[in-house]
Amino acid sequence: MGFRKLLGFVLIILFISCTPQQKQKQKNIMEISYDNDVLCIKLAKNENIIGKINEVFIGDNGGLSLLNELEVKETEEIITIKILITEYCEYYELNKNYPLLIKWTGGWIKGNCVYKDKYFLVTNEKHYNKSAF
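This is a predicted model, so every value here is computed, not measured. Residue numbers run consecutively from 1 along every chain, following the written order of its sequence. Only residues with pLDDT of at least 70 are given local features in this predicted model, and only at 80 or more are side-chain atom pairs given and counted; all residues enter the totals for whole chains, interfaces and linings. The basis for every side-chain value is the complete set of heavy atoms in the structure, and neither hydrogens nor water enter the calculation.

Enquirer: How should the pattern of salt bridges be read in this particular structure?
Expert: When charged atoms on two side chains of opposite charge get close, those side chains can pair. A pair is scored as a salt bridge if a Lys or Arg side-chain nitrogen falls within 4 Å of a carboxyl oxygen belonging to Asp or Glu. Evaluated as defined, the whole model comprises 2 salt bridges. Of the charged contacts in the structure, one is a salt bridge between K45 and E74, with a shortest N-O distance of 3.0 Å. With K45 in the loop between β2 (38-44) and β3 (53-58) and E74 in strand β5 (residues 71-74), this pair connects stretches of sequence that are 29 residues apart. For K45, a relative accessible area of 37% translates into the label partly exposed. Each helix is a run of H or I in the DSSP string that is no shorter than four residues. Each strand is a run of E no shorter than two, and both are numbered from the N terminus. For each residue, the accessible area found with a 1.4 Å probe, counting protein chains only, is set against the maximum for its type, and the residue is called buried under 20%, exposed over 50%, and partly exposed in between.

Structure, rendered in structure tokens:
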């Protein structure tokens with residue numbers, strides 16, 4: 001009986017140690033603000049974002065393609081996207097939920113955000129990279 005208990009204990013420990021641990025999800029979108037007709041999106045620079053950001057959509061039915069005046073700056077920790085949205089800001093209603101999509105070559109971040117006064121509150125997000133496989 002002692003050997004069976006020892007063997008069972010070893011198998012349980014082996015099973016627990018071999019079970020993949022869930023990584024804590026890293027948030028990619030740090031902040032989305034609006035000031036002086038400029039939409040500013042700050043992303044955490046991590047392994048989730050690979051490639052040059054080339055499209056941003058915020059809104060219903062595919063949203064407003066904010067490709068005009070897309071300016072991307074990178075530091076070691078943050079990717080900042082600035083977009084002039086003078087023509088688009090009137091379409092956003094306070095406290096309304098909008099889908100969000102940020103695309104780059106080989107991946108994207110999708111989520112939902114709620115427009116508040118001068119900023120968007122991100123309610124959820126998920127990412128995809130081709131390079132992750």
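Enquirer: What is the right way to look at the side chain of N28 in this model?
Expert: Here N28 lies in the loop between α1 (2-18) and β1 (29-35). Classification of N28 by relative accessible area gives buried; the value is 1%. Contacts: residue pairs with any heavy atoms within 4.5 Å of one another. With near-sequence residues (within four places) excluded, N28 lies in contact with K42, L43, A44, N46, N48, I49, I109, E125 and H127.

Enquirer: Explain the pairing of β1 to me, please; I cannot follow it from the model alone.
Expert: Working note: regular strand, side chains alternate between the two faces of the sheet. In this scheme, strands are said to pair when DSSP sees at least two bridges between them. Judged from the 6 bridges that link them, β1 and β2 form a sheet pairing that is antiparallel. Bridged to I32 within β2 is I41. Between the end of β1 and the start of β2, which pair antiparallel, lie 2 residues, with N36 showing a positive phi angle near 50°. Two elements, β1 and strand β9 (residues 119-129), share 2 bridges in a ladder whose sense is antiparallel. Within β9, the position partnered with I32 by the bridge is F120.

Enquirer: What exactly am I supposed to notice about the nonpolar core here?
Expert: Burial of nonpolar side chains together is a common tendency in soluble globular proteins. To define a nonpolar core, start from buried Ala, Val, Leu, Ile, Met, Phe, Trp, Tyr and Cys residues and group those joined through side-chain atoms within 4.5 Å. The biggest cluster of nonpolar side chains holds 24 residues, and the ones touching the most others in it are L39, I41, L43, I58, I81 and F120. Secondary structure elements with two or more residues in this core: β1, β2, β3, β6 (78-84), β7 (97-104), β8 (107-116) and β9. Considering each element in turn, this core owes the most residues, 4 residues, to β7.

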